[in-house]
Amino acid sequence: MDKAKPFNISKHLVWDAYRKVKANRGAAGVDGQTIDQFEEGLKDNLYKLWNRMSSGSYFPLPVRRVEIPKRNGGKRPLGIPTVADRIAQMVVKQYLEPKLEPYFHPDSYGYRPEKSAIEALGVTRQRCWRYSWVLDLDIKGFFDNIDHKLLMRAVRKHTDCRWVLLYIERWLKAPAQDENGAIVTRTKGTPQGGVISPLLANLFLHYAFDKWMERNQPTIPFERYADDIICHCVSEAQAEWLQGAVEKRLAECGLELHPQKTKIVHCKNDRRLDNYYEGTFDFLGFTFRPRQARSKRGKFFTCFLPAVSNKAAQKIRQTVRSWKIHRLTDKSLEDFADIFNPVIRGWINYYGSYYKSALYPIFQHLENILSRWAVRKYKRLRNCQQRARHWLRTIAKRQPGLLAHWTLLH
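Since we're looking at a predicted model, the values are computed, not measured.

K.L.:
Just give me the short version of the environment of phenylalanine 336, but keep the residues and values in it.
P.N.:
Tracing the backbone shows phenylalanine 336 in helix α11 (residues 333-351). Each C-alpha atom of the pair phenylalanine 336 and leucine 402 lies 9.2 Å from the other, and the pair is 66 residues apart in sequence. Discounting chain neighbours no more than four positions away, the residues touching phenylalanine 336 are Ile325, Leu328, Lys331, Asn341, Leu370, Trp373 and Leu403.

K.L.:
Which residues make up the pairing of strand β8 (residues 263-266), and what values do they have?
P.N.:
The alternating pattern of β8 places Lys263 and Val265 on one face and Ile264 and His266 on the opposite face, and all of these are buried. Sheet analysis places strand β3 (residues 133-138) next to β8, joined by four bridges and oriented antiparallel. Across the sheet, aspartate 136 pairs through a bridge with lysine 263, a residue of β8.

K.L.:
Pulling in residues and values, what's your account of the environment of glutamine 89?
P.N.:
Position of glutamine 89 relative to the elements: it lies in helix α4 (residues 83-100). With 98 residues separating them in the primary sequence, glutamine 89 and threonine 187 have C-alpha atoms 19 Å apart. Sequence-distant contacts of glutamine 89, defined by excluding residues within four places in its chain, comprise Pro81, Trp171, Gly194, Val195 and Ile196. From its side chain, glutamine 89 meets the backbone nitrogen of isoleucine 196 in a polar contact 3.0 Å long.

K.L.:
Can you break down helix α6 (residues 148-156) residue by residue, with the values?
P.N.:
Because each turn of an α-helix spans 3.6 residues, side chains separated by three or four positions end up pointing in the same direction. Of the positions making up α6, those classed as buried are His148, Leu151, Met152, Ala154 and Val155. Projection of α6 onto a plane perpendicular to its axis shows the buried side chains occupying an angular sector of 155 degrees, all on one side. Facing away from the buried side of α6 by more than 90 degrees, the exposed set consists of Lys149 and Arg153. Tucked into the core, α6 has its buried residues touching α7 (162-173) and α8 (197-216). Looking at where α6 begins, the residue whose side-chain oxygen comes 3.0 Å from the main-chain nitrogen of lysine 149 is aspartate 147.

Criteria and thresholds
- Note that residues are indexed from 1 along each chain, following the sequence as it is written.
- In keeping with the predicted nature of the model, local features appear solely for residues at pLDDT of at least 70, side-chain atom pairs appear and are counted solely at 80 or more, and the whole-chain, interface and lining totals rest on all residues.
- Side-chain numbers come from the whole structure's heavy atoms, not from hydrogens or water.
- Each helix is a run of H or I in the DSSP string that is no shorter than four residues. Each strand is a run of E no shorter than two, and both are numbered from the N terminus.
- By definition in these notes, contact holds between two residues if any of their heavy atoms fall within 4.5 Å.
- For each residue, the accessible area found with a 1.4 Å probe, counting protein chains only, is set against the maximum for its type, and the residue is called buried under 20%, exposed over 50%, and partly exposed in between.
- A pair of strands is labelled paired if DSSP reports no fewer than 2 bridges between them.
- Any pair of nitrogen or oxygen atoms within 3.5 Å is treated as a polar contact; in protein, a donor-acceptor pairing is required on top of that, and neighbouring residues in sequence qualify only through side-chain atoms on both sides.
- Directions from the helix axis toward the C-beta atoms define the arc.

Structure representation (structure tokens):
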């Protein structure tokens, strides 16, 4: 370690940060440099970054601002740092995260080690059985509206490390470059797409929401995944009161609830209330609503359960269509297994965690596309899609593990 440097940053920490950024891949920033291009001069590039960070002369480049379409028709802004800036952010994250983790609330599940969306969904499901009402909170433009002064106050509460504080402030103040090349200054928010942003967002809401709930409403359980929050209430009156109280609290922190997306949901199958309250809400790609279930003794009953949401199902179908399988007549089923099975298994592992049968129509759609492919590929199946489906079912029975979704369908 170079003792002449004002900041004592380990070269090993920078190397480890690079390996994690490489594993996550990601697009190029404003300098147009990809990870592969960064690796062409890897040793020199990492040394330069370590040297600048250790000497205090590291200044981030503007983030590349892109807008991606949202499911509701709007657009979500993403800020993409350069590869070098992502590595620098990972260095700070690796230093800061272990210090913050012991303080975070047990019902905060987003972007945390040893926590997952599946775990959050399981807790939500169980609490929906015990509590009759849900307050589904949606914070309007959360990442773009985080107050910098309040955030830095929270960071200083957990560390006095000079270089960590210095570089977080520089990242928060770094401008954005839009798609036309114009530089846009930022006075609030932390860009979605940054390595450090999820950790900073969790820290902000830890004090803005989690600790506030712990102090003021310890009897009301909640699950929070980043800025997606579900609260469980015993009555309609409690849910309405909590909505007003949370709205006031967030306003104190420079945030506001989305008036259309925040809603109160009744979690019991009571038709008398159907005309007055919604009986469904979406959380982490799942829709919670009353569904038919079967007990261990084989009897059917109605229960409030999660299953893959229509929005998530539509996105999966769009992805499947984008593969253009019916045109790939030079490929075999074995080729499709190599190419697509990792993605399909990911869908099954996540969305099949609860109410797996809701995936059947999605994968039946994939089977229809495969039958169109078979009709175009094999002369004996031409102009007979029904025969192609039968051919696929025969192979699925003989090799049920060939395509990942076959074990689910057949």
